[in-house]
Every structure is written in structure tokens, then in C-alpha cells.
Amino acid sequence: MRSPLLWTLIASAVLLCGVGGWLLTDPATSRSEALKTGGLAGGAVVALYALWLNDRRRRVEEARQVIEQQRHDVDRERISDERFAKSVELLGHEADQVRVGALHALAGLARSRPEYRQTVLDVLCSYLRRPFTHRRYENPEHSGTPEEERELQVRLTAQRLIRDLLPPSDVDGPGPDLDLTGAVLEYFDLSRRRIGGLLLRHASLYSSTNLSGSVFTGQAYFTAAGTGPGRLVGVFRCRDATFLDRAWFSGTEFSERTNFSGTTFAGQTTFNGATFAKEVLFDGARFSDLAAAEVHLPAGWTLEAQSHGCIAVRSS
């Protein structure tokens, strides 16, 4: 006799009989009033059982929903992992259109699952770190082979998707990290984006490079990187950018026009060993006291001390 319903009925009958019988001993209480009161007492027990049963059903349903949600999350994670693995595998496909599709699939995964964003950015950067050459880089008059042109389009897609996955520069918090050590890049554009650490050591930057308006929350290394004309005359743009941590341009070869106007260097900064083959602009560039200690500006520029750090000015 373990059924809650049976025990509830027994308790209700006992109350009905007990309360009704007790009231019947009182001469002032009629039989109908006694039965009515006893029935209410027994009904209260049944009502309490109904409330308990309804609460139990609710808790069982909530537990079932939790289990279903966990199962859904596991399935979703499994599908995402399979999608990620398949896309990475397709990056090695011979057909360029398949590689482009794989890049877009990875970017779509990063948008739908934010926890994948840094991992996807790491994969895109690793693709750009693969060895690549183009006949135009050696001689701007030369045209690339069909294979070089197709691979260049895939790489330009990867560069664009990297920029699309980075948060805008006006949001708070650290940005994602990018490791492009030794990468060959053309029309590289990270303008108005928020970036964590940036590694461009020994990278080759062709045509125009645009970092204007970007905020670098981590350390940025351009050590021994180089710029070149590529398809068109190149320009290295870094106007109104902000380097919150170390900015290292030691040994960087700027073979095209360079513009750092209005940029803020808040951490340790050095241009030691950097070469500027053409015009370079530092108008309004600001350096903190920490940054100014190791800054070596190109000829024609000096640092002028101010209340909070230094500002770059043209030397007379």
C-alpha cells in the first residue's frame, strides 16, 4: 500500500468520519452540517494531494526539458565540431572555389558560435602563413600565373573574413589575437577594428596596408616586416590608431609611403633599425613617457615633450 492516491483517499475518509462523528456529538449541530464540515475536511486533503501531484508533474517536466536541452547542446556541439573539422579539411582541396567555400563555412561557424571565433581566426591566419609567391611581387610588370591568381583570390577572401570577424574599435574589452608571422599579404585591411596581440614578424605587405583607426589592446610586433608595391603603388596607413601595449617596428622596411599621423603609442615603442624609403608622416602622433624612452623616429622628425608624454613634430 504505497500509492499516494490510496493513502490520500484513506486520510480523506478518516477525516470525513472523524470530523463528522465529532460534530454529531454536539446537539447544536445538525447532521447535514456535520457531514458538510467533514466533507470539507476530507476534500482539503484531496486538494492538497492534487497540488502535490501538480507540483511533481511540473518538476518532472522541468527535468525533462533540462535533459532535452543538454541533449540538444551535445548534438549542436557535435555538429559544430564536425563542421569545423570538415571545413579545415577542405582548405587543402585543389579547387580554389572549394577553399573559398570552406573559409566562408568557418566564418559562419564563428558568427553562430562566438566561442569558436578565436579558433577560426587562428585557422584563417595559419592559411595566410602558408608559403605564397606571385610573379608581380618580383616585378610589377609581370602577370601572375592562373594558379597564382586563383590562390591570391582565396587569400584575399581569408583577409576580408578576418576583418569581418574582428569587433569594431569602439567596443570595450580585449580584442582577438592574430598571428601572421611570415605571412604574405596584399591589400591587408584592419581599419577601425579592435585587435588583441598582432604578430607580423617577417611578414610581406604588398600594395596598400590599412590599420587606420584600429585599437591594439595587446602587443604588436612588426619586426623585420616589409612593404612593397604589389599590384599598385603601396601605402602603409596607420592614422589615428591606438597601441595600448608594446609597438615594435624594429627593422621594418617601409618601401612605400607611410602615415602614422594622429596615432597614439601608449606602451613601449621602437622604430630602431626601421627604414623609410619614401615619405613618412608622424603629424600629431603621441607617445607616452614609457613609449618615448625607446622611440627612434626617422630623419626629419623629433619628439617634443608635453604634459603627458611627447608628440612628434617635424624638425626644422
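Here, every reference points to the structure presented above.
Residues numbered from 1 in each chain as written. Predicted model: local features only at pLDDT ≥ 70, side-chain atom pairs only at ≥ 80, totals over all residues. Heavy atoms only, no water.

**Student:** In this structure, what is going on with the overall build of the protein chain? I would like to understand it.
**Tutor:** Secondary structure assignment for the protein chain yields seven helices and 21 strands. Burial status across the protein chain gives 41% buried among its 316 residues. Across the protein chain, the fraction of contacts at a sequence separation of at least 24, relative to all contacts at a separation of at least 6, is 43%. With an accessible surface of roughly 16900 Å², the protein chain has 55% of that area assigned to carbon and sulfur atoms. (Helix = DSSP H or I, 4+ residues; strand = E, 2+ residues; numbered from the N terminus. Buried < 20%, exposed > 50% of the residue type's maximum accessible area, 1.4 Å probe, protein only. Contact = heavy atoms within 4.5 Å. Areas by Shrake-Rupley, 256 points an atom, 1.4 Å probe, with all protein chains shown as cover.)

**Student:** Quick question: what am I supposed to make of the sheet that holds strand S8 (residues 220-221) here?
**Tutor:** Sheets are built from strands paired through backbone hydrogen bonds, the pairs being either parallel or antiparallel. Spatially, five strands are ordered S1-S4-S8-S12-S16 in an open sheet, and the strand pairing comes out parallel. Single-partner strands in this sheet number two, and they are strand S1 (178-179) and strand S16 (269-270). As judged from the two bridges shared by S8 and strand S12 (residues 247-248), these two strands associate in the parallel manner. Bridge pairing in S12 places Ala220 opposite Ala247. (Pairing = 2+ DSSP bridges.)

**Student:** Sorry, what's going on with the packing of aromatic side chains here?
**Tutor:** We describe a pair of aromatic rings using the distance from one ring centre to the other and the angle between the two ring planes. Taken as a whole and assessed by the stated rule, the structure comprises 23 aromatic pairs. An angle of 45 degrees between the planes, with centres 5.8 Å apart, marks the rings of Phe236 and Phe260 as tilted. One end of the pair, Phe236, is in strand S10 (residues 235-237); the other, Phe260, is in the loop between strand S14 (257-259) and strand S15 (264-265), with 24 residues separating them in the sequence. Residues Phe236 and Phe260 agree in their burial class; the two are buried. (Phe/Tyr/Trp six-rings, centres within 6.5 Å; stacked < 30°, edge-to-face > 60°.)

**Student:** Please explain the sheet that holds strand S19 (residues 286-287) as it appears in this structure.
**Tutor:** Across the sheet, seven strands lie side by side as S3-S7-S11-S15-S19-S21-S20; this open sheet has mixed pairing. Two strands lie at the open edges of the sheet, namely strand S3 (194-195) and strand S20 (301-306), each paired on one side alone. In the sheet, S3 pairs with strand S7 (residues 215-216) via two bridges, with the strands oriented parallel. Paired with Ile195 across the strands is Phe216, a residue of S7.

**Student:** Looking at this model, I keep getting lost on the nonpolar core. Mind explaining?
**Tutor:** A general trend in soluble globular proteins is that nonpolar side chains are found buried together. Counting 58 residues, the largest nonpolar core has Phe243 and Phe282 as the members making the most contacts within it. Residue assignment for this core shows that the elements contributing at least two residues are helix H3 (96-112), helix H4 (117-128), helix H6 (146-165) and strand S18 (280-281). In terms of residue count, the dominant contributor to this core is H4 (seven residues). Setting aside anything within four residues of it in sequence, one finds Phe282 in contact with Phe260, Ser261, Phe271, Phe287, Leu297, Pro298, Trp301 and Ala312. In this structure, Phe132, Tyr137, Val184 and Tyr206 belong to the second largest nonpolar core, which totals five residues. (Core = buried A, V, L, I, M, F, W, Y, C linked by side-chain atoms within 4.5 Å.)

**Student:** When you look at H4 in this model, what are you seeing that I'm missing?
**Tutor:** In an α-helix, one turn spans 3.6 residues; hence positions three or four apart end up facing the same way. Taking 1.5 Å per residue as the helical rise, H4 with its twelve residues ought to reach 16 Å, and the 17 Å between its terminal C-alpha atoms agrees with that figure. Those residues of H4 that sit buried are Val120, Leu121, Val123, Leu124, Cys125, Tyr127 and Leu128. (Expected span 1.5 Å × (residues − 1).)

**Student:** Please explain the packing of H3 against H6 as it appears in this structure.
**Tutor:** If you want to describe how two helices pack, look at the angle between their axes and the distance between the axes. Relative to each other, H3 and H6 sit at 5 degrees, their axes nearing to 9 Å. The orientation of H3 relative to H6 falls into the category roughly parallel. When H3 is examined against H6, the residues Asp96, Arg99, Val100, Leu103, His104, Ala107, Ala110 and Arg111 are found in contact with a partner set consisting of Arg150, Glu151, Val154, Thr157, Ala158, Arg160, Leu161, Asp164 and Leu165. Residues belonging to the contact of H3 with H6 are distributed by class as follows: eight nonpolar, two polar and seven charged. (Axes fitted to C-alpha atoms, helices over the stretch in contact; angles between N-to-C directions. Parallel < 35°, antiparallel > 145°, perpendicular 65-115°, else oblique. Nonpolar A, V, L, I, M, F, W, Y, C, P; charged D, E, K, R; others polar.)

**Student:** Even after reading the chapter, I still don't get the packing of H3 against H4, so can you show me in this structure?
**Tutor:** For the pair H3 and H4, interaxial distance at closest approach is 8 Å and the crossing angle is 155 degrees. Accordingly, the angle class assigned to the pair H3 and H4 is roughly antiparallel. The way H3 lies across H4 gives a crossing that is left-handed. For the pair H3 and H4, the contacting residues are Arg99, Leu103, Leu106, Ala107 and Ala110 in the first and Arg117, Val120, Val123, Leu124 and Tyr127 in the second. For the contact of H3 with H4, the residue count by class is eight nonpolar, no polar and two charged. (Left-handed = near helix turned anticlockwise from the far one by under 90°.)

**Student:** Looking at this structure, how should I read the side chain of Arg155?
**Tutor:** In this structure, Arg155 sits in helix H6. A relative accessible area of 2% means that Arg155 is categorised as buried. Those residues in contact with Arg155 that sit more than four places away from it in its chain are Tyr127, Leu128, Arg130, Phe132 and Val184.

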